[in-house]
Structure formats: C-alpha cells, structure tokens
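Breakdown of the fold
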Amino acid sequence: MAEVETKVAQEKEPLFGKKERQLIIDPLNDNNPITVQVLGICSALAVTTLVKPAIIMALSATFVIAFANLTISLLRKGIPKQIRMIVQLVVIAFLVTVVEQVLKAANYPIWKQLSVYIGLIITNCIVMGRLEAFAMANKPWRSFLDGLGNGAGYGIILIIVAAARELFGKGSLMGFNIIGNSSQYLIDTTTNSFFSWYMPNNVMVLPAAALFVIGVIIWVQRARNQKLIDVS
Amino acid sequence: MHSNKYITVYTVAMTLIVSVVLAIIVTGLRPAHEANEAVFKKRDILSAIKNELPVDLESISDQEVLSLFNERIEQVTLDANGQPVEGVKAETIDMAKEEKKPEAERLYPMYIYKGEKSTFYLVSVRGNGLWDKIWGTIALQDDFNTIAGVSFDHVTETAGLGAEIKDSPAFKQQFVGKKIYNDENEFVSVAVVKGGIKKPEHQVDAIAGATITSNGVTEMMENGLEVYLPYFESKKNK
C-alpha cells in the first residue's frame, strides 16, 4: 500500500511548480555556476572575445548539460556504481561530439573559431558537477530543468563578458561596428568631436581581461544580492 | 552492488550503442563537412587578392564564392621541378600531406586569377610558427615579381601576438607592392624584420612580441616561393 501511495504522490508533481521554477532561476543568480560556484572559468576566458561565438558556446554547453543530465537521470538506477563516472563521461563525450559534428556542418567558420573549445565542453566541470550532484539523485524532468538552468547561468555570464570585451576591445557588438577610428563605425572617432579621445582597449582582447570582467560581475552581484553577502 | 558480469555487459552495450550512433552521424554529415571545407579554402585563397576582386568577399554567400572561383580561376598543379602536372586538380592538393612526402615527389598548387584588367598568380606556402604550422597564399602580379596581396592562417599562434599574421589587416597590407627579386634579378623573397626596415622593397615590419612567428613567416615566404621560381622563369621567357 505504501508503495502505491508514493507513486500517486509522485504523479501529482506539477510540470512547472515552484520547485521546478527554482531549478531554472537559481543558477541564473543566487547559485550561478561561474560567479558563485566559480566553475567553468577557463572556457569563460577562452571563448569570450566576441559575442557571436560566446552565444554559440553558451547554446552548445546548455544543450550538453541539459541532455547529459536527462540521460544520466534516466539511467541512474541501472548505472553500476563502480563505473558511474565513466558512464557519465561517455554520455558527455557523445553529446559533445554530436554538437561538434552538427556545428561543423551548419556553420563552418564558427566551428573553426571555436575549434578545440567545443571539444573542451567535455572537461567543463559544470557538466560533470551537475551529473554527480543532481542527475544521479533526481528524476529526469527535474534534472533536465536543472541542466537548462545551469547552462543558462553559465551562458548568460559568457555573453555579458563577451559583450564587454568586444565593445571595449574591438568597438563592435555581434560584428556590428559601433565605435572606432574610421567611417565604417557608427561613431567615428576621427570626425566625432565628443568621442575624439576614445581608443579601443587592446587589453580587453587578451584572456586576462575576462577575469577582470568576471571579477566586476561578481562584485556587482554580491553587492546587490543580500543572500550572497558573507556576514562573517 | 552490481555483479562483475552486469558491469561488463553494461560497458560493452554502452560502447556499442554510442559508437554505432556516432558512426552514423559522422558518415551522414561528411558531405556537408567537405562542402564547407572546400568553400572555406576557396574563400581563403581569394582573400589574398580581396582588393582586386569585383565583389566584397566577406559579404558574398558560399555559392557566390564557388561560382567566382570557378569562373575566374585557372588551376595548375606543379611538380617539385616547377613543371605542370596533368590530371591533378590544384584544389585537391593538401599542403599538409605534401609536406610528409619526399621533396622530389611533392606537388604544389597554383591558382591563376584572370581579372578584368590584370592576371594574378596565387601560390600556397607553408611553414612553422611558434607553436604549430602556419600557411598562406601569396598573390603575385603578372610580372612574377610584385606581390599583389597575401593571406595567412595558423593552427594555434598566440592570440593578439602571433595570430596577428592572420587577424591584422595592416600586417598583410604591408606586403602589397613588395618585390621578391632584387635589381640584379636574384630571388631575395620578402623578409619580416624587427626594428628598422633597411630595404623597403623586400622587407616588412614585424609584429611586436611575435618574433618567432615573424621569423617563421620570413622562412615560409623564402622556402615556399622558391619552389615556384622555375615556373615563373619559364612563364617570363615566353
């Protein structure tokens, strides 16, 4: 009897209840994988010089995290404990290969630009971290949402960092020229007297700049979000 | 705890399923990959003379790149002695594979662009950068001496330093108008030099902080162009 009861209770779980919404919203702010958990930093340094590749990277990583979470959650009862990490890795590697092959067919220049970093989603600690911490112990639908949430939390930081670096480093956004020293730009610093002092900051193009930008994001986020302020 | 037998069966089944599915995906997408690669390569070759093209290379579609390439470019394959070889299309030559062959057996691609006003001779060169291979296309005017444009690419030079050989239009622009022969009609190539250009016809300014990549470009230009010299000579004497 007890078994039947729990089954009924499980089926009544809403598709988008409070808990489910929390799974998506939490990683965007309070529990962001990059700024709060400080995971996945190295890819945040490498693929954030331009906005377009950052968006592709964010989408690819979200796809991989969400579907790896879903697959592992579906398999979780059958996975032998002794080789669970290997199974997780195989699932991740499989999904990453699919993403890479599809991207190579769909948008070759972007694939060329991201090159090794797509493959490096395999080593992104966020993916493995979510599988171990969440998917191994939760039901498929929630695991999938958790993956989407964490992918989005990772992606949103990636895109913010990329936007800052592309704007201040190259004077453009999404490849659209905004500010620079020729007539190709929206604000031409050679003729516009108000912006004549402006020069693109080459440091922003270098990987180190991503750390400065992430640092500023963490600072702003902690200053505004009461939950993250360390009382001690 | 699962038994050893369960684990073994689980592993084998998982490996089989994953490899079969991946094999199907890779085989299915291969034609698309190859088509993309071909367009990318042709775009790269044409970018050496992008100022001479009737259209803006960056804004035209893949289809237009292919038709421009097919219409305007005549492909010639040269052997190690600079003699034309029949039956091998230049665009099928993979410089990375040629490099592994013995020197006498290597083939070299040559693309002749016939524009409205002038003809350009585009040759492929390949060499070593700091971390890995670098390569490029050098376009010569029909005097076989003046450089009309260059394009470079690399596997993994440092972004912001060595990678500037590809990313910096100003660096590539320096090559335009340089001569590969000196006044005595000897081959001298074009060198990338640090600090002070003494022979403005044969030297360009190096990228600050990328000495080894810059030296690599010098070496690549010299060795790469050298193999085409016999062909240039035979054309000039005609």
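Residues numbered from 1 in each chain as written. Chains lettered and ligands numbered in written order. Predicted model: local features only at pLDDT ≥ 70, side-chain atom pairs only at ≥ 80, totals over all residues. Heavy atoms only, no water.

**Here's the deal with unusual backbone geometry**
Notably, A:Val38 is not glycine yet its phi reads approximately 50 degrees, a positive angle. In this model, B:Asn185 sits at a positive phi of 65 degrees, which is unusual for a non-glycine residue. For B:Asn185, the location among the structural elements is in the loop between helix H5 (169-173) and strand S7 (191-193). We classify B:Asn185 as exposed; its relative accessible area is 52%. (Helix = DSSP H or I, 4+ residues; strand = E, 2+ residues; numbered from the N terminus. Buried < 20%, exposed > 50% of the residue type's maximum accessible area, 1.4 Å probe, protein only.)

**Quick notes on the sheet that holds strand S2 (residues 84-85) of chain B**
All names here are of chain B. One open sheet accounts for 6 strands, arranged S2-S1-S3-S4-S5-S6; its pairing is antiparallel. Every interior strand has two partners, whereas the edge strands, S2 and strand S6 (147-154), have only one. Looking at chain direction, strand S3 (residues 108-114) and strand S4 (residues 119-128) are connected through 5 bridges and run antiparallel. In the strand pairing of S4, tyrosine 111 is matched with leucine 122. Strands strand S1 (73-78) and S3 of the sheet are contacted by helix H2 (residues 62-72), whose axis makes an angle of about 70 degrees with S1. Sitting on the sheet, helix H6 (residues 211-226) is in contact with S4, strand S5 (133-141) and S6, with an inclination near 55 degrees to S5. (Pairing = 2+ DSSP bridges. Contact = heavy atoms within 4.5 Å. Axes fitted to C-alpha atoms, helices over the stretch in contact; angles between N-to-C directions.)

**So, the interface of chain A and chain B**
Counting residues at the interface gives 22 residues for chain A and 19 residues for chain B. Both sides of the chain A and chain B interface together cover about 1,800 Å² of buried area, and 75% of this is carbon and sulfur. In this assembly, chain A and chain B are joined by 1 salt bridge. For A:Lys104, the salt bridge is made with B:Glu37, and the minimal N-O distance between the two is 3.6 Å. Connecting chain A to chain B are 4 residue pairs in polar contact (both at pLDDT 80 or more). Of all elements in the fold, only helix H5 (84-106) and helix H6 (108-114) of chain A reach the threshold of two or more residues within the side of chain A that touches chain B. Ranked by the residues each element gives to the side of chain A that touches chain B, the list is headed by H5(A), at 10 residues. Of the residues that constitute the side of chain A that touches chain B, the class distribution is 14 nonpolar, 4 polar and 4 charged. (Buried area = accessible area lost by both parts, 1.4 Å probe. Salt bridge = Lys/Arg side-chain N within 4 Å of Asp/Glu carboxyl O. Polar contact = N/O pair within 3.5 Å; in protein donor to acceptor, adjacent residues only side chain to side chain. Nonpolar A, V, L, I, M, F, W, Y, C, P; charged D, E, K, R; others polar.)

**Points about the confidence of the model for chain A**
Per-residue pLDDT for chain A has a mean of 84; in total, 93% of the residues score no lower than 70. Predicted confidence for residues 1-6 of chain A stays below pLDDT 50, and this span has 0 contacts to residues more than four positions away or in other chains. (pLDDT = per-residue confidence, 0-100.)

**Some points on the environment of B:Ser168**
Relative to the helices and strands, B:Ser168 resides in the loop between helix H4 (164-167) and H5. A C-alpha to C-alpha distance of 9.6 Å links B:Ser168 and B:Ile207, two positions 39 residues apart in sequence.

**Some remarks on the nonpolar core**
Among the nonpolar cores identified, the biggest contains 45 residues, and A:Val64, A:Ile72 and A:Ile118 are the most heavily contacted of them. Only helix H4 (51-75), H5, H6, helix H8 (125-135), helix H9 (140-170) and helix H10 (207-224) of chain A together with helix H1 (4-46) of chain B provide two or more residues apiece to this core. At 8 residues, the largest contribution of residues to this core is made by H4(A). Non-local contacts of A:Ile118, meaning those with residues more than four positions away in its chain, are made with A:Met57, A:Ser60, A:Val96, A:Val99, A:Glu100 and A:Leu103. Core analysis: the next-biggest nonpolar cluster, separate from the first, contains 35 residues, B:Val123, B:Phe152, B:Val192 and B:Ala210 among them. (Core = buried A, V, L, I, M, F, W, Y, C linked by side-chain atoms within 4.5 Å.)

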